[in-house]
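Chain residues, written in single-letter form:
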Amino acid sequence: MTYQGIERRKHPRISGRFIVSYRILENADAESKRDITQTKNISLGGMLLTTNRGFRPKTSLAIEIRLPFDPNPIMLIGRVIESRQIVENLIYDTRLMFLAVDEQHRHAIEQTVRHHTKKED
């Protein structure tokens, strides 16, 4: 079912599968708690990714994502908006809002969105 309501997003969002590693920001044992997944969609304001557990709203995640227009991984901080169970205790759709994006990474995300938007037209 496609959403028929008013579009409230500030930034265009594209479907795309990009490799992401993430961890809970407050976790002291960071490296052992890192997980790898992929995005379902991304925009300059945030992303939807698949996770293997649910997260409470407002949980901060340290994110490392690889995009085609930047040879280096992009480091971001995201805040969980919602984590919805898809397969019981196995797969969750987790929506994140980016808390801060520096200019270089903003440019890489914008280029990626622009490139994929052109491909979808």
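A quick note: this is a predicted structure, and the numbers were derived from the prediction, not measured.

Draft legend 1. Focus on the overall build of the chain. Scanning the chain for helices and strands turns up one helix and seven strands. Listing the helices and strands of the chain from first to last along the sequence gives β-β-β-β-β-β-β-α. A buried classification covers 36% of the 121 residues belonging to the chain. Considering only intrachain contacts with a sequence separation of at least 6, the fraction spanning at least 24 residues in the chain is 57%. Summed over its atoms, the accessible surface of the chain is roughly 8,000 Å², and 50% of this surface lies on carbon and sulfur atoms.

Draft legend 2. Fine view of the pairing of strand β6 (residues 74-87). Bridging between strand β5 (residues 60-65) and β6 involves six bridges; their strand directions are antiparallel. What sits directly across from S60, in β6, is R79. Taken together, the nine bridges between β6 and strand β7 (residues 91-100) define a ladder with antiparallel strand orientation. Each bridged residue has a counterpart across the sheet, and for R84 the counterpart in β7 is D93. The hairpin turn running from β6 into β7, its antiparallel successor, is three residues long, and N89 in that turn takes a positive phi close to 55 degrees.

Draft legend 3. Structural context of a nonpolar patch on the surface. Together, I86, V87, L90 and I91 make up a nonpolar patch on the protein surface, roughly 310 Å² of accessible area in all. Looking at where I91 falls in the secondary structure, it is placed in strand β7. Given the relative accessible area of 30%, I91 is considered partly exposed.

Draft legend 4. Examining the confidence of the model for the chain more closely. Across the chain, the average pLDDT comes to 85, with 85% of residues at 70 or higher. Between the elements of the chain, mean pLDDT differs from a low of 82, seen in helix α1 (residues 103-120), to a high of 95, seen in strand β4 (residues 46-51).

Draft legend 5. Main features of unusual backbone geometry. In this structure, K58 is a non-glycine residue whose phi angle is positive, near 80 degrees. Within the secondary structure, K58 sits in the loop between β4 and β5. Of note, N89 is a non-glycine position whose phi angle comes to about 55 degrees, a positive value.

Rules behind the numbers
Residues numbered from 1 in each chain as written. Predicted model: local features only at pLDDT ≥ 70, side-chain atom pairs only at ≥ 80, totals over all residues. Heavy atoms only, no water. Helix = DSSP H or I, 4+ residues; strand = E, 2+ residues; numbered from the N terminus. Buried < 20%, exposed > 50% of the residue type's maximum accessible area, 1.4 Å probe, protein only. Contact = heavy atoms within 4.5 Å. Areas by Shrake-Rupley, 256 points an atom, 1.4 Å probe, with all protein chains shown as cover. Pairing = 2+ DSSP bridges. Patch = residues over 30% accessible without salt bridge, like charges linked within 9 Å, V, L, I, M, F, W, Y side chains within 5 Å. Salt bridge = Lys/Arg side-chain N within 4 Å of Asp/Glu carboxyl O. pLDDT = per-residue confidence, 0-100.

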